[in-house]
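Each chain is listed here by its residues.
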Amino acid sequence: MENFKLSIDMVLESLLCGILLSLVYFSLLWYSLKILPNIKRKGMFLFFSSLLRLTIFLSVAILLASKNPVKLIWMFLAFIITRLLLVYFLKDKGKKHA
């Protein structure tokens, strides 16, 4: 049976990686939406940009957590928390520009 225990250093490392991956993911999402008005085939562009973002996130997360799958859970948790915080703090800014 595999050991699922992580040291506090590994947990913090996983959380930091998840936060950084989340920031990269949402920066790429923001950039995709920023250039969207200049794109002719919007549906195709959105499909491939989302596929690229998801591939980057999963490949880096799996690569970093290859030795211990519990690290992947911590990274995903940090990703979700960062997403919630970004949406909470940035949702009012979007209303001001609309």
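Everything below is about the structure shown above.
Residues numbered from 1 in each chain as written. Predicted model: local features only at pLDDT ≥ 70, side-chain atom pairs only at ≥ 80, totals over all residues. Heavy atoms only, no water.

J.: So what about empty space enclosed by the protein? Which residues, and what values?
T.: Following the criterion strictly, the structure yields one cavity of 30 Å³ or more and no others. Quantified by volume, the largest cavity comes out at close to 40 Å³. Lining the largest cavity we find Leu21, Val24, Tyr25, Leu28, Arg53, Ile56 and Phe57. Of all elements in the fold, only α1 (8-35) and α2 (42-64) reach the threshold of two or more residues within the lining of the largest cavity. (1 Å grid on protein atoms, 1.4 Å probe; cavity = no way out; pocket = protein on both sides within 12 Å on 5 of 7 lines; lining within 4 Å. Points joined across faces, edges and corners; volume = space filled by probe spheres on them. Helix = DSSP H or I, 4+ residues; strand = E, 2+ residues; numbered from the N terminus.)

J.: An account of the nonpolar core is requested, with residue identities and associated values reported.
T.: Membership of the largest hydrophobic core is limited to nine residues, which are Cys17, Leu21, Tyr25, Phe26, Phe57, Ala61, Ala65, Met75 and Phe79. Sorting the residues of this core by element identifies α1, α2 and α3 (69-97) as the ones contributing at least two each. When residues in this core are grouped by element, the largest group, four residues, is from α1. Discounting residues that sit within four places of it in the chain, Leu21 has contacts with Phe57, Val60, Ala61, Met75 and Phe79. (Core = buried A, V, L, I, M, F, W, Y, C linked by side-chain atoms within 4.5 Å. Buried < 20%, exposed > 50% of the residue type's maximum accessible area, 1.4 Å probe, protein only. Contact = heavy atoms within 4.5 Å.)

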